[in-house]
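Take a look at the letters that make up each chain.
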Amino acid sequence: MDLFGLFFFGSPILIAAIPALILFKKLKAKNSKWKWLFSIGTGIIIYFFISAILTAIVVSQLTITRGGGY
């Protein structure tokens, strides 16, 4: 995987894992299935949010031209 792919897919996962782990540790119930559900849900929501921001940045930097050629 090239560096761009690592940045584009790896950084949102890493950034989303941090708040999910913090939420997991802050919830008080020790053996609760909701603890896992809330922390995983938080990670997924933050992952999609960060991915949308990165996608918007990448798409805004593309140059779209009419016709052939580069």
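See the structure shown above.
Quick caveat, the model's predicted, so the values are computed rather than measured. (Residues numbered from 1 in each chain as written. Predicted model: local features only at pLDDT ≥ 70, side-chain atom pairs only at ≥ 80, totals over all residues. Heavy atoms only, no water.)

Peer 1: Summarise the overall build of the chain; cite the residues concerned and give the values.
Peer 2: When helices and strands are tallied, the chain shows two helices and zero strands. Counting only residues that meet the buried cut, the chain has 19% of its 70 residues in that class. As presented, the chain carries roughly 6,100 Å² of accessible surface, and 74% of it is formed by carbon and sulfur atoms. (Helix = DSSP H or I, 4+ residues; strand = E, 2+ residues; numbered from the N terminus. Buried < 20%, exposed > 50% of the residue type's maximum accessible area, 1.4 Å probe, protein only. Areas by Shrake-Rupley, 256 points an atom, 1.4 Å probe, with all protein chains shown as cover.)

Peer 1: Give a description of the packing of aromatic side chains that names residues and reports values.
Peer 2: Within the structure shown, the criterion is met by two aromatic pairs. Summarising the aromatic geometry, the rings of Phe-24 and Trp-36 are spaced 4.7 Å apart at their centres and angled 50 degrees between planes, so their arrangement reads as tilted. Of this pair, Phe-24 sits in helix H1 (residues 3-26) while Trp-36 sits in helix H2 (residues 33-61), and the two are twelve residues apart along the sequence. (Phe/Tyr/Trp six-rings, centres within 6.5 Å; stacked < 30°, edge-to-face > 60°.)

Peer 1: Could you give me a rundown of H2, with the residues and numbers involved?
Peer 2: For H2, which comprises 29 residues, the first-to-last C-alpha distance of 43 Å matches the rise-based estimate of 42 Å (1.5 Å per residue) to within 8%. Every buried residue belonging to H2 is among Lys-35, Ser-39, Gly-43, Ile-50, Ser-51 and Leu-54, and all of these are buried. On its buried face, H2 sits against H1. (Expected span 1.5 Å × (residues − 1). Contact = heavy atoms within 4.5 Å.)

Peer 1: Would you mind going over H1 in detail, with residue names and values included?
Peer 2: Its 24 residues place the ends of H1 34 Å apart at the C-alpha level, agreeing with the 34 Å of an ideal helix rising 1.5 Å per residue. For H1, the principal kink sits at Gly-10 and spans about 30 degrees; a proline, Pro-12, occurs within the next four residues. Considered for burial, the residues of H1 that qualify are Gly-5, Phe-8, Ser-11, Pro-12, Ala-16 and Ala-20. The inward-facing, buried residues of H1 contact H2. (Bend = angle between axes of the 7 residues up to and from the residue.)

Peer 1: Please provide a residue-by-residue account of the environment of Leu-37, values included.
Peer 2: Within the fold, Leu-37 resides in helix H2. Taking the C-alpha atoms as reference points, Leu-37 and Phe-24, separated by 13 residues in sequence, lie 9.4 Å from one another.

Peer 1: Can you tell me about a nonpolar patch on the surface, naming the residues and giving the values?
Peer 2: Taken together, the side chains of Trp-36, Ile-40, Ile-44 and Phe-48 define a hydrophobic patch exposed on the protein surface, amounting to about 460 Å² of accessible area. With respect to the element layout, Ile-40 can be found in helix H2. Owing to a relative accessible area of 48%, Ile-40 belongs among the partly exposed residues under this scheme. (Patch = residues over 30% accessible without salt bridge, like charges linked within 9 Å, V, L, I, M, F, W, Y side chains within 5 Å. Salt bridge = Lys/Arg side-chain N within 4 Å of Asp/Glu carboxyl O.)

Peer 1: Got a sec to walk through the packing of H1 against H2? Specific residues and values, please.
Peer 2: Relative placement of two packed helices is described by the angle separating their axes and the distance separating the axes. One way to put it is that H1 packs onto H2 with a least axis distance of 8 Å and a crossing angle of 150 degrees. H1 and H2 meet at a crossing whose hand is right-handed. Here the contact of H1 with H2 is composed, by residue class, of 19 nonpolar, six polar and one charged. (Axes fitted to C-alpha atoms, helices over the stretch in contact; angles between N-to-C directions. Left-handed = near helix turned anticlockwise from the far one by under 90°. Nonpolar A, V, L, I, M, F, W, Y, C, P; charged D, E, K, R; others polar.)

Everything listed is a geometric property; what it means functionally is a separate question.
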